[in-house]
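As a plain string of letters, each chain reads:
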Amino acid sequence: MSNSQISSDDDERRFVLTLGCPDRTGIVAGLSGFLTGVGGWITEAAYHSDPSTGWFFTRQAVRADSVGMPVEEFRRRFAEVAAMFGPEAEWNVTDSGAEKSVVLLVSKDSHCLTDILSRAERGDFPAQVSAVVGNHRDLEQLTTRFGIPFHHVPFPKEGKAEAFAEVQRIVEGYDPNAIVLARFMQILPPELCEAWAGRAINIHHSFLPSFIGARPYHQAFDRGVKLIGATCHYVTADLDAGPIIEQDVSRIDHGYSAADMVRQGRDIETLVLARGVRWHLEHRVLVHDRKTVVFQ
């Protein structure tokens with residue numbers, strides 16, 4: 001293999017710029033002028049103009065070694081450009097070379113935890129799993145087999161506020177870029193939803209609101225449901241109604257047993273959650289009001 005075929009770490013490192021602002025003419029020209037002025041070698045560029053909201057969205061990735069400055073200086077210079085797009089503009093500049101951290105919250109179901117730990121170990125995520133917090137000990141041995149710290153926080157019927165305070169203390173000690181509810185069967189209180197806004201990610205089956213409560217797949221089986229799926233979304237105080245990151249479905253028929261449906265549902269949940277977490281960590285998800293724009 002020749003040297004030209006070998007990618008160094010510098011070749012792979014990117015500064016990622018995301019922007020959402022009221023749509024008008026000249027935005028792309030302004031961005032292009034800025035990136036040209038700093039010598040930015042663009043590797044990805046995506047745009048979306050939303051006529052229903054009148055907003056413009058973009059994600060730009062440039063080779064970090066092409067701009068000849070640290071990300072802090074790049075960010076400072078872009079702030080001057082972003083000011084031209086109005087005070088409502090929402091923007092961010094991140095460095096793909098910066099270490100990222102994920103903390104997982106779990107209960108007893110292992111499928112999402114196992115999948116994320118395996119993907120992280122293989123390098124599928126641009127982040128490390130720093131810790132797992134569980135309200136039961138069922139998944140402790142699985143977690144520690146991957147060399148990840150496990151924190152057990154019991155949730156008694158009386159005293160959940162204290163339990164959530166302890167979870168918050170543990171999680172924020174790792175300063176994570178994402179807090180993933182990997183089938184965590186507790187409802188985050190509003191103050192925690194606010195503290196983790198834009199970082200807390202949840203996964204749930206697609207039967208809501210038709211089949212709520214226990215054994216939703218068995219309820220769906222009894223009704224002869226023909227589609228099952230999953231939704232990955234940001235957590236808000238509105239239960240299971242936060243901005244949607246990713247969804248998928250799978251068709252089933254009368255030949256499926258309830259156990260078959262549960263098994264297929266778990267497969268979909270792991271895939272949808274993995275995509276959502278990766279896109280979040282790669283800064284491909286732009287949130288505006290209750291909706292998302294996802295540049296895959």
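Heads up: the structure comes first, above all this text.
In this text, all values refer to a predicted model and were calculated from it rather than measured experimentally.

1. With respect to the sheet that holds strand β7 (residues 150–152)
Link 1 in the chain: With mixed pairing, the seven strands of this open sheet are ordered in space as β7-β6-β5-β8-β9-β10-β11. Sheet topology places β7 and β11 (244–251) at the edges, where each strand pairs with a single neighbour. Averaged over all pairs of adjacent strands, the angle between their axes in this sheet comes to 20 degrees, without regard to strand direction.
Link 2 in the chain: The pairing of strand β8 (residues 178–181) with strand β9 (residues 200–205) spans three bridges and is classified as parallel. What sits directly across from Ile179, in β9, is Ala200.

2. Points about the pattern of salt bridges
Link 1 in the chain: Going through the model one piece at a time under the given rule, you end up with 19 salt bridges.
Link 2 in the chain: A salt bridge links Arg119 to Asp115, with the nearest nitrogen and oxygen atoms 2.6 Å apart. Taken as a pair, Arg119 and Asp115 lie in helix α4 (residues 111–122) at a separation of four residues, close to a single helical turn. Taken as a pair, Arg119 and Asp115 share a single burial class, namely buried.
Link 3 in the chain: Three or more residues are tied together by salt bridges with common partners; here these are Glu44, Arg59, Arg278, Glu282 and Arg284.

3. Things to note about the layout of surface pockets
Link 1 in the chain: Taken as a whole, the largest pocket encloses approximately 790 Å³ of empty space.
Link 2 in the chain: Along the walls of the largest pocket sit 34 residues, with Arg183, Met185, His204, His205 and Asp240 positioned nearest its centre.
Link 3 in the chain: Sort the elements by how many residues they give to the lining of the largest pocket and β9 lands first, with four residues.
Link 4 in the chain: For the lining of the largest pocket, the residue count by class is 19 nonpolar, nine polar and six charged.
Link 5 in the chain: Around the second largest pocket sit 20 residues that line it, and Thr18, Asn92, Val285, Leu286 and Val287 are the ones nearest its centre.
Link 6 in the chain: When residues in the lining of the second largest pocket are grouped by element, the largest group, four residues, is from strand β12 (residues 285–288).

4. Observations regarding the packing of aromatic side chains
Link 1 in the chain: Going through the model one piece at a time under the given rule, you end up with eight aromatic pairs.
Link 2 in the chain: Measuring from ring centre to ring centre gives 5.3 Å for Phe15 and Phe74, while their planes differ by 55 degrees; the resulting arrangement is tilted. Taken together, the residues Phe15 in strand β1 (residues 14–22) and Phe74 in helix α3 (residues 71–82) connect sequence positions 59 residues apart. No difference in accessibility class separates Phe15 from Phe74, as the two residues are buried.
Link 3 in the chain: A cation over an aromatic ring shows up here: Arg63 above the ring of Trp41, its NZ or CZ 4.2 Å from the ring centre.

5. So, α3
Along an α-helix, residues three or four apart share an orientation, since each turn contains 3.6 residues.
Link 1 in the chain: Between the first and last C-alpha of α3 there are 16 Å, a value that for twelve residues agrees with the 16 Å anticipated at 1.5 Å per step.
Link 2 in the chain: Three or more residues of α3 are buried, namely Val71, Phe74, Phe78, Val81 and Ala82. For α3, the arc enclosing every buried residue in end-on projection is 90 degrees, short of the 170-degree limit, so these residues lie on one face. Away from its buried face, by an angle of more than 90 degrees, α3 presents the exposed residues Glu72 and Glu80.

6. Focus on the side chain of Ser107
Link 1 in the chain: For Ser107, the location among the structural elements is in the loop between β5 (101–106) and α4.
Link 2 in the chain: Using a relative accessible area of 3% as the deciding quantity, one classes Ser107 as buried.
Link 3 in the chain: At 2.8 Å, the side chain of Ser107 and the side chain of Asn135 are in polar contact.
Link 4 in the chain: There is a polar contact of 2.8 Å between the side chain of Ser107 and the backbone nitrogen of Met185.

7. Side note on unusual backbone geometry
Link 1 in the chain: Although it is not a glycine, Asp240 adopts a positive phi angle of roughly 55 degrees.
Link 2 in the chain: Along the polypeptide, Asp240 turns up in the loop between β10 (227–234) and β11.
Link 3 in the chain: Residue class for Asp240 comes out partly exposed when judged on its relative accessible area of 29%.
Link 4 in the chain: The phi dihedral of His283 falls on the positive side, at around 55 degrees, and the residue is not glycine.
Link 5 in the chain: As for its placement among the helices and strands, His283 is situated in the loop between α9 (258–281) and β12.

Rules used in this analysis
- Residues numbered from 1 in each chain as written.
- Predicted model: local features only at pLDDT ≥ 70, side-chain atom pairs only at ≥ 80, totals over all residues.
- Heavy atoms only, no water.
- Pairing = 2+ DSSP bridges.
- Helix = DSSP H or I, 4+ residues; strand = E, 2+ residues; numbered from the N terminus.
- Axes fitted to C-alpha atoms, helices over the stretch in contact; angles between N-to-C directions.
- Salt bridge = Lys/Arg side-chain N within 4 Å of Asp/Glu carboxyl O.
- Buried < 20%, exposed > 50% of the residue type's maximum accessible area, 1.4 Å probe, protein only.
- 1 Å grid on protein atoms, 1.4 Å probe; cavity = no way out; pocket = protein on both sides within 12 Å on 5 of 7 lines; lining within 4 Å.
- Points joined across faces, edges and corners; volume = space filled by probe spheres on them.
- Nonpolar A, V, L, I, M, F, W, Y, C, P; charged D, E, K, R; others polar.
- Phe/Tyr/Trp six-rings, centres within 6.5 Å; stacked < 30°, edge-to-face > 60°.
- Lys NZ or Arg CZ within 6 Å of the ring centre and 35° of its normal.
- Expected span 1.5 Å × (residues − 1).
- Arc of directions from axis to C-beta.
- Polar contact = N/O pair within 3.5 Å; in protein donor to acceptor, adjacent residues only side chain to side chain.

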